[in-house]
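What follows is the residue order along each chain.
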Amino acid sequence: ATLTRDIADEQLDTSVRQLGGTIFKNFVINRSNEVQLDFNTCIGIQYQDYWIQLDGEFKSNIKTAILSTLASPQKLVRNQVAIILANIASIEIPR
């Protein structure tokens, strides 16, 4: 939840917000070699299941914060948020 607050905080430097988005995205999709990958979606199975198993209200709060950041005046932040949303959707929509 702290990363989503940092990503949404317009007072923070753009590079800090972008880094927060990158860390969050990597957490959601985890492209690490340590986890078996589903090559059809390129999403780490371990974290895919982790995201699905999170509390629904918690996920909803995260998605609301991320969606609201699409209105940011910073293009780099908007781009990062769009990538995060696409990765969340690629996990949730097939289910």
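Residues numbered from 1 in each chain as written. Predicted model: local features only at pLDDT ≥ 70, side-chain atom pairs only at ≥ 80, totals over all residues. Heavy atoms only, no water.

A. Spotlight on helix α2 (residues 14-29). Between its terminal C-alpha atoms α2 stretches 22 Å, which fits the 22 Å expected from 16 residues at 1.5 Å a residue. Buried residues of α2: Thr14, Arg17, Gly20, Gly21, Phe24, Lys25, Val28 and Ile29, and no others. Summarising the axial view, the buried residues of α2 lie within an arc of 150 degrees, below the 170-degree limit, and thus occupy one face. (Helix = DSSP H or I, 4+ residues; strand = E, 2+ residues; numbered from the N terminus. Expected span 1.5 Å × (residues − 1). Buried < 20%, exposed > 50% of the residue type's maximum accessible area, 1.4 Å probe, protein only. Arc of directions from axis to C-beta.)

B. The arrangement of the packing of α2 against helix α5 (residues 75-92) in detail. At a closest axis distance of 9 Å, the pairing of α2 and α5 adopts a crossing angle of 10 degrees. With respect to α5, the element α2 is oriented roughly parallel. Touching Thr14, Arg17, Gln18, Gly21, Thr22, Phe24, Lys25, Val28 and Ile29 of α2 are Leu76, Val77, Gln80, Ile83, Ile84, Asn87, Ile88 and Ile91, all from α5. Across the contact of α2 with α5, the residue classes break down as nine nonpolar, six polar and two charged. (Axes fitted to C-alpha atoms, helices over the stretch in contact; angles between N-to-C directions. Parallel < 35°, antiparallel > 145°, perpendicular 65-115°, else oblique. Contact = heavy atoms within 4.5 Å. Nonpolar A, V, L, I, M, F, W, Y, C, P; charged D, E, K, R; others polar.)

C. Seen up close, the environment of isoleucine 91. Position of isoleucine 91 relative to the elements: it lies in helix α5. Residue classification places isoleucine 91 among the buried residues on the basis of a relative accessible area of 0%. Considering only alpha carbons, one finds isoleucine 91 and isoleucine 52, 39 residues apart in sequence, at a separation of 7.8 Å.

D. Region of interest: the packing of helix α4 (residues 56-68) against α5. Running from N to C, α4 and α5 point in directions that differ by 145 degrees, and their axes come no closer than 10 Å. Judged by the twist between their axes, the crossing of α4 over α5 is left-handed. Along the contact surface, α4 presents Lys59, Lys63, Ile66 and Leu67, while α5 presents Val81, Ile84, Leu85, Ile88 and Glu92. Per-class residue counts for the contact of α4 with α5 are six nonpolar, no polar and three charged. (Left-handed = near helix turned anticlockwise from the far one by under 90°.)

E. Seen up close, α5. Across its 18 residues, α5 extends 26 Å between first and last C-alpha, which sits within 8% of the 26 Å expected from 1.5 Å per residue. Among the residues of α5, Val77, Gln80, Val81, Ile84, Leu85, Asn87, Ile88 and Ile91 are the ones counted as buried. Down the axis of α5, the buried set is contained in an arc of 160 degrees. They therefore lie on one face.

F. Representation of the side chain of threonine 14 in the model. Within the secondary structure layout, threonine 14 lies in helix α2. Threonine 14 sits in the buried class, given a relative accessible area of 18%.

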